[in-house]
Amino acid sequence: QLHLTMSEKNELTKSLEMVQKELQEKESEMKREISEYKDRLLQAEKEHQDALREANRKNEVEIEACQDKMNSLEHFISSQKLEIEHLKSNKEQLNNSLKEANLTLGELLKTKVR
């Protein structure tokens, strides 16, 4: 019976060693997979950050272009306002000159009629 028990013990020991070896192999495989996932995650994060930086750069360029365009339009509007004021002033001067000319013409006609 002791011989049988020793044999069983040896079998159990071998079986335990095999199970431990399998567990170690699985653990190594899981560690390798985890490492691969971490590497892929880091790569994805890097690509995401690069894409964000590029999008931000493009947005900044677009904002700058819009600001330049807005400044240009503001300058154009200011120059148009000045031109309008200048034209109003010229119109007023022309109207005054026309009134004076009409008065003079009226006086000349009165003088001629007499």
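## Describing the overall build of the protein
Each helix and strand counted, the protein has one helix and zero strands in total. Computed over its C-alpha atoms, the radius of gyration of the protein comes to 48 Å, more than 25% above the 13 Å expected for a compact globule of 114 residues. The principal-axis extents of the C-alpha atoms in the protein amount to approximately 165 × 15 × 10 Å. Across the 114 residues that make up the protein, the buried fraction comes to 0%. Looking at the protein as shown, the accessible area adds up to about 11,300 Å², and 58% of this sits on carbon and sulfur atoms. Across the protein, 20 positive and 24 negative side-chain charges occur, with their mean positions spaced 11 Å apart.

## A word on the pattern of salt bridges
Two side chains of opposite charge can pair, provided their charged atoms sit close to one another. Summed over the entire model, instances satisfying the criterion amount to six salt bridges. If you follow the salt bridges from partner to partner, you end up with K46, D50 and R53 in one network.

## Here's the deal with the environment of D68
Take D68: it is sitting in helix α1 (residues 2–113). Overall, the relative accessible area of 47% leaves D68 in the partly exposed class. Separated by 14 residues in sequence, D68 and E54 have C-alpha atoms that sit 21 Å apart.

Conventions we followed
- Residues numbered from 1 in each chain as written.
- Predicted model: local features only at pLDDT ≥ 70, side-chain atom pairs only at ≥ 80, totals over all residues.
- Heavy atoms only, no water.
- Helix = DSSP H or I, 4+ residues; strand = E, 2+ residues; numbered from the N terminus.
- Rg over C-alpha atoms; globule rule 2.2 N^0.38 Å.
- Buried < 20%, exposed > 50% of the residue type's maximum accessible area, 1.4 Å probe, protein only.
- Areas by Shrake-Rupley, 256 points an atom, 1.4 Å probe, with all protein chains shown as cover.
- Lys, Arg positive; Asp, Glu negative; His and termini not counted.
- Charge placed at Lys NZ, Arg CZ, Asp CG, Glu CD.
- Salt bridge = Lys/Arg side-chain N within 4 Å of Asp/Glu carboxyl O.

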